[in-house]
Structures are given as structure tokens and as C-alpha cells.
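Architecture and fold: a report
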Amino acid sequence: MKFIGIVGTNAEFSYNRLLLNYMQKHFAAEADLEILEVTDVPMFNESDDQTNSPIIQTFNDKITAADGVIIATPEHNHSIPSALKSVLEWLSFNVHPFDGKPTMLVGASLSDQGSSRAQLHLRQILDAPGVNAAVMPGNEFLLGNVQLAFDDEGNLKDQGTIDFLETCFSRFMRFTKISNLLNIPEEITFTPGTFDVTTPGHNGDLPMKVTLSKKRIEKIDIDTSKETEGIADVVFERIPQEIIDGQTLNVDVISGASITSHGVIDGVAQAVKMAGVNPDYLRQRPKAGALQAIPDEEYTTDVVIVGAGGAGLTAAAKTLQEGKQPIVVEKFPAIGGNTVRAGGPMNAADPEWQKQFPAIPGESHTLQEIVAMDPESIDAEYRPDFLALRDQLQTYLAENTDENSYLFDSTLLYRIQTYLGGKRTDLNGQEIHGQYDLVKILTDHALESVEWLEDIGVEFDKSEVTMPVGAIWRRGHKPAKSVGYAYIEALSNYVKAHGGQIMTETDVTSLIDEDGRVCGIVATGAKGQKITIHAQAVVLASGGFGANTQMLKQYNTYWTEIDDDIQTSNSPAITGDGIRLGQSVGADLVGMGFSQMMPVSDPETGELFTGLQVPPQNFVMVNQQGQRFVNEYGSRDTLTQAAIDNGGLFYLIADDNIKATAYNTSQEKIDQQVAAGTLYRDETLAGLAQQLGMDPAVFEQTIANYNRYADEGLDPEFGKDVFDLKVEKAPFYATPRKPAVHHTMGGLKIDTKAHVINETGQVIKGLYAAGEVAGGIHAGNRLGGNSLTDIFTFGRIAAHNAIAEAAE
Amino acid sequence: MKLIGIVGTNSDHSTNRQLLQYMQQYFSKEAEIEVCEIKDLPAFNEPADKVAPATVQELSNKISAADGVIISTPEYDHSIPAVLKSAIEWLSYTTRPLIDKPVMIVGASHGSLGTSRAQGHLRQILDAPELKARLMPSAEFLLGHSLTAFDDNGQLVFPEKVQELEECFEEFRDFVTINNELVKNHQAKAELNRQFSWELDANGGQN
């Protein structure tokens, strides 16, 4: 019989340790007693889960594998020591090795009491539902006056005490045998068949078919055709796989998708019930592979890339194109990072293509404003480009004066707009604008990035040129398939097809830095195993820190306030990991105080694509009083500040025609959101106003004014000068919106070759960065559609230079 | 009246912290309640030099200077959290500021039981010879369903609980006054308790 003994204290000298040592020796013929110490167990903290640390895993694995447990507790302040309580809390939090485990209590103390009160507390603690140990009743072994109990060899001196301990121990051996019978899993016999159940998805219930044979769960089919691609996919593959592999409903939920994870598990539970079996029996079974110890892993490759979003996968694809081997490590179960959530098309000036489209009202006005700018107001490094652009614009405007005007664009217009869009001053009066050399690279290579993506397999819809929110100009290249996912799908397919490796649930903990050169990473895998990857170079492509409110607040110098409970449009994975990794090898940071809010986010979730999200020429924004309050074409931070000034919450108004221009939605989704109360619909404007608690007269007047401005092509109130549709056809819609964190412009300082630069201005050898993890390009405000251009451009540059310089 | 409120957990999100913050502002006219955290105290481990860490001593001094203490405890596994137990072990190890100190126990839990069992344990613990706190008898404040108990402004939304807390707190203020009168005349015994040690006790010492 195999027992685990736990010394219930972290004290250097302990009579309880002595007692367990004695038992180990004295009962060696009957049982194998292995003694575990609690000294190195961290203090339990539910906010800092360390279940995967080696020490907790050791306790979990050894207790799980043992036939029973013997706990020796001292008494501190009439109860058990905090050190012992902490271990029990860890072992009843996310793992439960004590569940049903035969357990014996012993205790020693200096007083007569012999830990009597501590043992009673311990019994009650072990009886708590999260612990649920099978504690042997009676047979209390209390060793009082313990300082007199042992001889110099650590043997108990008193024969009566030894006899009683022997009685208790032999009882416990019998108790263990009998008690463990209860732990034999219940016999299960399903009524065989295929059962139709449902599981909740993001966009409504999904049909699920569960096939059960007499003894097994054979098959789980989920119809995901209605689901958002990307994030949820992993849930619908992995959860069923783990259920079938382990023949268990005891399955870990997937981070970032807990609702859908539980949905699948509950759906299968429902089918199990329909087949005549109590699903609790399956929930009590061990997890798939729970008992296997996972060995550490070690790999060697050419380039290791941190983060499997758009920048990381681009770097991986580029590495493969140059004949080298990448490994991409991603801390989340799903790939795609923030890119998979991107809704906007990517910016690239392609004048020949854009020329085919007619200009829309107001665009010439935007260009005239640029022409009218004082060149002295342009920073010196941009001034030559600005003057050249002014010539281009004057020529264009002279030739395009009527309704036959075409849509103008040029690399220079793109560059100057990126620069102007990013120029900001923070609360401390610090001015920032995009670093010229980086902005030049971005705008010069943008179109090349579009073409490169086409080679990789992204298909663009060339029939339309669009403008994402906050983009200032129509130069968006929109993928034919659903926007953000289209990039990730094509890139990951390319990487996999060409032999690149993507390791998910691999959380990088440190960079390997040898002789001032970064040459690999150390990470923690899904099962807590250590993963070491040696490489010639490391590319950080782990995104910004939009989902790390603490870090946002720490660096913020731009917003007057960032709420503790601010929502974000970002993936919860985007917590600034790459920035911290860079700093660990001395990287310099730039522009960290500047973060971008997405003014048009879901007030509850921070998501972009709920409700009716339309192009800005069709935006009609009204505040909670039913009045417009801003030029809807304003940059993101103008819109955000205006929203904050109007109480945060505001509404996007749409009619039936405007509805048709919404991104990423369907009638079914719309109906569902109306039913859920997250989107408002009414046959009349007055009715809509009433639903929103506005004065109908005010709201109707607002819309009447807006429609008139749209006819006239100019809005005298707020200066909106580009219009498309009016609000006129019932039913009418109102989508509630509120600013949420969207992008962090600051990050690691890089040069034009995507090298990470240290605090003394030197290149950190072997370390490259691409995408939102790097700073310097977007400065104080990033134009909509530029993040995609950034990741695909600098992702390629980082991989190219990593390989070229490794060869040197 | 100056009181110390101890948040009995190291969790980032705690309704017990909310409860103390609520009491702090709700009773601000009757008493000054300073809310103290224990999350940054090291885990108890008897130091070789027998000197408590500075953060522990700081908390200990605050308690000594206060008229009374309110402990708000969650319930983990039918008992108090290890981190609260650890803080108490430190207090019993240092200058023992809880000896004869009036203590009120409150607790909030997500479920319906409101930390009843943790409070029971805490009472027994605080009665240990190294602690000997003066617990307010026959009064317990259990706040169940604590996740729905507070609104966005941190106000307790259950009216019957507000009333119960008011009565409890009023009684506690009286208890503090009476108790501090009572113990004035027992300083010699208190000093003896401060000297208590199980080692001495076991060796036939003066306890």
C-alpha cells in the first residue's frame, strides 16, 4: 500500500515531521509512506493561479497516485497552521486530488492537548466540497507533551502510545481498502443511439449530434456553419476530442471561450442523460491524460516567433519562403491574436486601382484642406514629401472639378495622412509624431504587402474600395472572405503546408540571451512542461497591451482617465508580454503613453461587431439626449473624447438601407440582438426614441437635420462633409456604443530593419519586433486600416533580416 | 472611535473588501475605520532571529493604537483563508496586539451561508492564549449572495442587511467602550498573556 504523509508545518524543526518519520520507519513492512513538505508551497491566492507550478503539481500527482494520505498537523492558535491550510486551498481550487481519498489525521503538540482542536478543524476543512477527502472516523491520534515522547533515535518511547498508533494505522489500512471501493467508477451503460442536442454559440444555439454506443461516447458533431470563425473553432474541435479521448465530461475549458466550452460539455451531458445515464458519473471521471507526467521539451530551429497573430504568421511564412524553418509559439489555444478580430480592410495606396472609382462628395474638400496647410506646420523631415504631395493634389484638383472626378491617391498622400493622423500632444505637453523612416517604409511597402498576401492565398474583393473607421481616406483593400479571419486562415494554411510549426498554449517566460545575443526562448506548455527553443533569432510579434488595464494606466499620458473596468476590443491575450520580454534584455520603449480607444465598441463586451457597424459616411451618432454631438468622420480620439464628454454611452442610428451596409452581420444575428436587448429596433423614429429614453421631438429633429445635411453635402453643425445614405426607411435601428481600448501605439523601439533597439541606441542582436509590440510608427494615433498594413509589412521585414543576419 | 478593518483575503476581487469599504463610508460619522490589507504580508514562517518583518510590525502597531478591530473573512474550505490565518499567526508571534482588543467578525460569501463556518473557526482561533481577543459575543454578521449585494457605487442593496449591520455596529461600538473600561484593570494579566509561550507552558512555566 502506498501512502503520502504531509508534514503540516513549514517550521525548520517539527515534532510532527519526527512523528511521520517514525511512522515511515515503523510501518515500513506494511506500507510505503512517502513524506511531502509544505515549506516551498506559495501562499494560496485565487487571483494568481499557480496550480501549474512544479510544487503543486507534485502534490497533485503524488496524492492522486497514492492509496491514501496521512496528515500530521501541529496546532497554531487553536487551528491548523496557515502553511498547511494554503496547500489544502491549492488542492481544492483547480485540481482536487483529495476527492474521495482515504485520509488519516495525526498530530503532536507541546501541550497536553496534542493538537486536538487543530484536528477537529482539519476534519471540517477536509469535509468541504472542494476537498472532499474520505477522513477516517474516530481513531484520533493526539500526541501531547511531545517534547518528552521521542528518544535520541527518533523512536517513540512509550509502549502504550506505540500500541495505539499501531491500532490506528492498521485500522487506516483497512479503511483505505474499503474506502477506495467507493472510488471505483460507476458502471455506465448508455442506451445506444444518436442524440440531437444544442450548444450555445456566439450567435445562437448550434445543433450538435452525440453518438453513444453501449459503453462509449463515440462521436460528437457540431454544426458550426453559423459561428464566428477563428476563436470558437478550437472549442468545437478540442472539447469534443478531449471528451472522447478521456470518455469523460471532466474537461478543462478553453481560456477566452469559457461559455462555448461549457456549452459543448453541457450539450454532451444532456445527450448522456437522454441515454439514461447520470452525467455526474462522467464528470467525476479523470481528465484525458491527467495522470501522465509531461516531460520537458527542447527544440532547435532557425527563427522562433512569439505570437501567432497576423505579424507572427507573416514572419513565419516569410521565413519559409526564404528556405528556413520557423517555430511560432502562441500562449493561447487559438491562433489569430487581434488580427482575427480585425474588421477593417488594410490600407495601401494603389492609385491605378483607386482611379476606377468615382470620388464621393466631400473628398475634394479633404484634399483642399491639405493643400491649404502651412508647410511650416509640417515637421521638417516630412516637409519635402508634403511639398511634392501639394503639387500632386493641385494638379488633380485642377483637372477634377465635376461629378466625373475619380478617387485620388498616392504613396505621398498615404504617408502624410499617416503622419498627420499620428501627430498628437499628451497631457504633459509632449508632442509625438510617427518616426519618418518607419512611416516611409510602411507606406512604400504597403501595396507590396497586399500583393504578397495575394501570393500567400488571400483573395481581395477589388470591386469595392472602402474606408475603415478612423482611416481618413478610401484606400482599404478588403478580403473577399470574412475580414480578419481571411488573413489568418490563408497565412496559417501556408505555414502548415510548407512545414512550419505552430505551438499553441505555449507561454514564453524568458528569452535566452547568450553573450549579448538573443538565441531562443523558454516557455511553459499547456501541461506545465518547460519548453526550450533554440534559434538563430527571435521575432517578437506578441501584440500590444490593450488587455492589460494595469499597464495602460501605468504608462498612460494621453487620456485624462482610464477606468479600472474599461472594456477592450482586443483578445484577452494581448497583455504586453513581448514588451516585458524585450525589456528583460534592455530594450528601449517609445510612445508608451499613447493608447487608442475604439469609440464605437459594445458597451458590455468591448467587441466591435455587435449591432450595426457601418462605414462612417453612414454613421449617425447621437448622445443619450438624442442629439448629434460630433462629426462622425472625426479621428478615433476625437470621437472618443466627444463620447466621454457626452457621458460615454451613445447610439449609432441606422435605417433599413444603412443596415445593408453593416459589416459582419446577418438578419438572424440582428433579430437575435434585438431580442436580447443589445440592439434597438422600431418602426418609427419616435418609437425608437422612446425605447432609448429620449425626447422623440428632439430625436426626430436631429434626424431631419441630418437628412437635410446629407442632401446638401455639408453639415453646418459639426462639419461632416462626406455622406452616403440618409435615415429614411423603416425599420430604424439604434446600436449602443461606448469607447473601449483598441490599440496601444507605444512599444519596443525598432529600426527600419525591425531590430529591437536598446536603451543606449544599440541593436539587440538576434531580437526583432513586428506589429503592435513595436512603437514609433503610429505615434499618438493610428489610422484605421494601418495596423494590418503594419503587421504584414514589418512581419516580412523582421523575418527577412533575422535570416539574412543569422547567415552573416 | 478609531477602528482597524482587516480584509481577510489576498484576492484581487473580494466582496469582503467591498463590505469593509462600505462600512468605512457608511459609518464614517460614528467611527474612523482604516481598511488594512494583508495580501502583501509574507507567509508565516517562524524567523530564526525571532524578529517579525516590518510589514507585520506595522499592522501590529496599527492594531495596538486602535480602539477595536473588524475582521472581514471569506470562507475557504469551511474555514478562514490561509492568508488570514498566516496574518493571525504573525500577530500572535509579535507583540500580540489582539490581546484584550475588541473584535467584530463579519464575512461575505458568494453562496447563501455567508461564511458561517469560517466565522466559527475564527472565533475559536482568536480565543487562543496567544491572541485572547475580546470577541463581541452573540453577534455575527453573515452576508450571503455577496456578488449581488453591492451596486456600482459600492452600496449595500439588501435593506434588511443594512439594518442588521447598523445594529451590529452600534452594539460593537458600545462593546468597545465597555470592554476598554473592563480591561483597564487587568493589565497585569494581559502582560502575562503577552509573555505566554507553549514552550514555557510545556516546561512547567508560569502560565
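Computed from a predicted structure; not experimentally measured.

On to the overall build of chain A. If you tally the helices and strands in chain A, you get 23 helices and 31 strands. Intrachain contacts of chain A at a sequence separation of at least 6 include 74% that bridge at least 24 residues. In the structure as shown, chain A presents an accessible area of about 32000 Å², 48% of it carried by carbon and sulfur atoms.

Turning next to the interface of chain A and chain B. At the junction of the two partners, chain A supplies 29 residues and chain B supplies 33 residues. When chain A packs against chain B, the two sides together hide about 2500 Å² of surface, and 51% of this comes from carbon and sulfur. Our count for the contact surface shared by chain A and chain B stands at 18 residue pairs in polar contact (both at pLDDT 80 or more). Of all elements in the fold, only α3 (82–90) and α4 (116–126) of chain A reach the threshold of two or more residues within the side of chain A that touches chain B. In terms of residues, the side of chain A that touches chain B owes the most to one element, α3 of chain A, which gives five residues.

With that settled, consider the side chain of Q247 of chain A. Residue and element names in this part refer to chain A. Within the fold, Q247 resides in the loop between α6 (231–246) and α7 (258–274). A polar atom in the side chain of Q247 sits 2.7 Å from the backbone nitrogen of I217. Within polar-contact distance, the side chain of Q247 engages the backbone oxygen of I244 at 3.0 Å. Those residues in contact with Q247 that lie beyond four places of it in its chain are K215, R216, I217, E242, L282 and R285.

Side-chain pairs of opposite charge can arise where the charged atoms are in close proximity. All told, the structure shown has 45 salt bridges over all chains when counted by the stated rule. In this structure, R628 of chain A engages D715 of chain A in a salt bridge whose closest nitrogen and oxygen atoms are separated by 3.0 Å. Linking R628 of chain A in the loop between β25 (621–622) and α18 (636–645) with D715 of chain A in the loop between α22 (696–712) and β28 (732–744), this pair joins segments that are 87 residues apart in sequence. Side by side, R628 of chain A and D715 of chain A carry an identical accessibility label, which is buried. One salt bridge in this structure joins K161 of chain B and E164 of chain B, with 3.1 Å as the shortest N-O distance. Taken together, the residues span about one helical turn, with K161 of chain B and E164 of chain B both in helix α5 (residues 159–184) at a distance of three residues. With a relative accessible area of 16%, K161 of chain B lands in the buried category. Several salt bridges converge on common partners, so that one network encompasses K2, D32, E34 and K62 of chain A.

Turning to the sheet that holds strand β16 (residues 460–466) of chain A, a few remarks are in order. All names here are of chain A. Spatial strand order, β13-β17-β16: three strands in an open sheet with antiparallel pairing. At either margin of the open sheet sits one strand with a lone partner, and together these are β13 (346–347) and β16. Relative to strand β17 (residues 476–479), β16 is paired through three bridges, and the arrangement is antiparallel. Each residue of the ladder has a partner; that of F460, found in β17, is P479.

Of all residues in chain B, 95% have pLDDT values of 70 or greater, and the mean over the chain is 90. Scoring the predicted complex yields pTM 0.61 and, for the interface, ipTM 0.90.

Relative placement of two packed helices is described by the angle separating their axes and the distance separating the axes. Residues and elements named next belong to chain A. Two elements in contact, helix α9 (residues 310–321) and helix α15 (residues 483–497), have axes separated by 9 Å at closest approach and are oriented at 35°. Of the two possible hands of crossing, α9 and α15 adopt the one that is left-handed. Contacts from G310, L313, T314, A316, A317, L320 and Q321 in α9 reach I488, L491, S492, Y494 and V495 in α15. Here the residues of the contact of α9 with α15 sort into eight nonpolar, four polar and no charged.

Aromatic ring pairs are defined here through the distance separating the ring centres and the angle between the ring planes. Residue and element names in this part refer to chain A. Enumeration according to the criterion identifies 31 aromatic pairs over all chains in this entry. Consider the rings of Y558 and F594, whose centres lie 5.5 Å apart with planes at 40°: the pair is tilted. Highlighted residues: Y558 in the loop between α16 (549–555) and α17 (577–584) and F594 in the loop between β23 (589–590) and β24 (595–601), separated in sequence by 36 residues. With relative accessibility at 15%, the residue Y558 sits in the buried group. Under the relative-accessibility criterion, F594 is labelled buried at 4%. One aromatic cluster is present, formed by F3, F27, F169, F172 and F175 through successive ring pairs. Here the basic side chain of K355 rests over the ring of Y406, its NZ or CZ set 5.5 Å away from the ring centre. If you follow K462 out to its NZ or CZ, it ends over the ring of W353, 5.3 Å from the centre.

Another point: helix α1 (residues 15–26) of chain B. Count 3.6 residues to each turn of an α-helix, and residues three or four apart come out pointing the same way. Residue and element names in this part refer to chain B. Between its first and last C-alpha, α1 extends 16 Å over twelve residues, near the 16 Å set by a 1.5 Å rise per residue. Listed in full, the buried residues belonging to α1 are T15, N16, R17, L19, L20, Y22 and M23. Among the structural elements, β1 (2–7), β2 (32–37), β3 (68–72), β4 (102–108), β6 (141–143) and α5 are those in contact with the buried residues of α1. Its side-chain oxygen 3.0 Å from the backbone nitrogen of N16, S14 forms the N-cap of α1.

As a further point, take a negative patch on the surface. A cluster of acidic side chains, namely E30, E166, E167, E170, E171 and D174 of chain B, defines a negative patch on the protein surface. Within the fold, E167 of chain B resides in helix α5.

A separate point is the pairing of strand β20 (residues 517–524) of chain A. Residue and element names in this part refer to chain A. With six of eight residues buried, β20 lies mostly within the body of the structure. Counted along the chain from strand β19 (residues 507–514) to the antiparallel partner β20, the turn is two residues long, and its residue D515 has a positive phi close to 50°. Pairing geometry for β20 and strand β21 (residues 530–534), over five bridges, is antiparallel. Paired with V522 across the strands is T532, a residue of β21.

Moving on, we get to unusual backbone geometry. P731 of chain A follows A730 of chain A through a cis peptide bond whose omega is 0°. Inspection of the secondary structure assignment puts P731 of chain A in the loop between α22 and β28. Positive phi, close to 70°, is recorded for I472 of chain A, a residue that is not glycine. The topology assignment puts I472 of chain A in the loop between β16 and β17. In this structure, K132 of chain B takes a positive phi of about 45° despite not being glycine.

In this section: the nonpolar core. Considering soluble globular proteins, one finds that nonpolar side chains tend to be buried as a cluster. Residues and elements named next belong to chain A. With 111 residues, the main nonpolar core has I521 and L540 as its most contacted residues. Apart from the residues within four sequence positions on either side, I521 is in contact with V304, V306, V329, V508, S510, L511, I512, I531, T532, I533 and V538. Counting 41 residues, the second largest nonpolar core, distinct from the first, contains L612, Y706, A710 and A734.

The next thing to look at is the environment of E89 of chain B. Its location among the elements puts E89 of chain B in helix α3 (residues 82–93). Taking the relative accessible area as the measure of exposure, E89 of chain B reaches 2% and is therefore buried. In the structure, E89 of chain B is positioned 46 residues away from A43 of chain B in sequence and 9.4 Å away in space, judged by C-alpha atoms. Among all residues touching E89 of chain B, those that are not within four sequence positions of it are H76, N77, I80, P81 and S82 of chain A together with F44 of chain B. At 2.6 Å, the side chain of E89 of chain B forms a polar contact with the side chain of S82 of chain A.

This part is about the environment of M173 of chain A. All names here are of chain A. Counting through the fold element by element, M173 comes out in helix α5 (residues 159–181). Once the C-alpha coordinates of M173 and M1 are considered, the two residues, 172 residues apart in sequence, prove to be 8.0 Å apart. If near-sequence neighbours (up to four positions away) are discounted, M173 is found in contact with M1, F3, E30 and A31.

It is worth spelling out the side chain of N60 of chain A at this point. In this fold, N60 of chain A is placed in helix α2 (residues 54–65). Excluding its chain neighbours within four sequence positions, the residues that come into contact with N60 of chain A are L91, V95 and P97 of chain A.

Glancing now at the sheet that holds strand β9 (residues 217–222) of chain A. All names here are of chain A. A sheet is described by the order of its strands in space; here three strands give the open sequence β7-β8-β9, paired in antiparallel fashion. Looking at strand neighbours, the two that pair on one side only are β7 (193–201) and β9, the edges of this open sheet. Ignoring which end each strand starts from, the neighbouring axes of this sheet average 25° apart. Direction of pairing for β7 relative to strand β8 (residues 204–212): antiparallel, over a ladder of nine bridges. When the bridges of β8 are listed, P200 appears paired with D205. On the sheet, α7 packs against β7, β8 and β9 and is oriented at approximately 155° with respect to β7.

Scoring rules and cut-offs
Residues numbered from 1 in each chain as written. Chains lettered and ligands numbered in written order. Predicted model: local features only at pLDDT ≥ 70, side-chain atom pairs only at ≥ 80, totals over all residues. Heavy atoms only, no water. Helix = DSSP H or I, 4+ residues; strand = E, 2+ residues; numbered from the N terminus. Contact = heavy atoms within 4.5 Å. Areas by Shrake-Rupley, 256 points an atom, 1.4 Å probe, with all protein chains shown as cover. Buried area = accessible area lost by both parts, 1.4 Å probe. Polar contact = N/O pair within 3.5 Å; in protein donor to acceptor, adjacent residues only side chain to side chain. Salt bridge = Lys/Arg side-chain N within 4 Å of Asp/Glu carboxyl O. Buried < 20%, exposed > 50% of the residue type's maximum accessible area, 1.4 Å probe, protein only. Pairing = 2+ DSSP bridges. pLDDT = per-residue confidence, 0-100. Axes fitted to C-alpha atoms, helices over the stretch in contact; angles between N-to-C directions. Left-handed = near helix turned anticlockwise from the far one by under 90°. Nonpolar A, V, L, I, M, F, W, Y, C, P; charged D, E, K, R; others polar. Phe/Tyr/Trp six-rings, centres within 6.5 Å; stacked < 30°, edge-to-face > 60°. Lys NZ or Arg CZ within 6 Å of the ring centre and 35° of its normal. Expected span 1.5 Å × (residues − 1). Patch = residues over 30% accessible without salt bridge, like charges linked within 9 Å, V, L, I, M, F, W, Y side chains within 5 Å. Lys, Arg positive; Asp, Glu negative; His and termini not counted. Charge placed at Lys NZ, Arg CZ, Asp CG, Glu CD. Core = buried A, V, L, I, M, F, W, Y, C linked by side-chain atoms within 4.5 Å.

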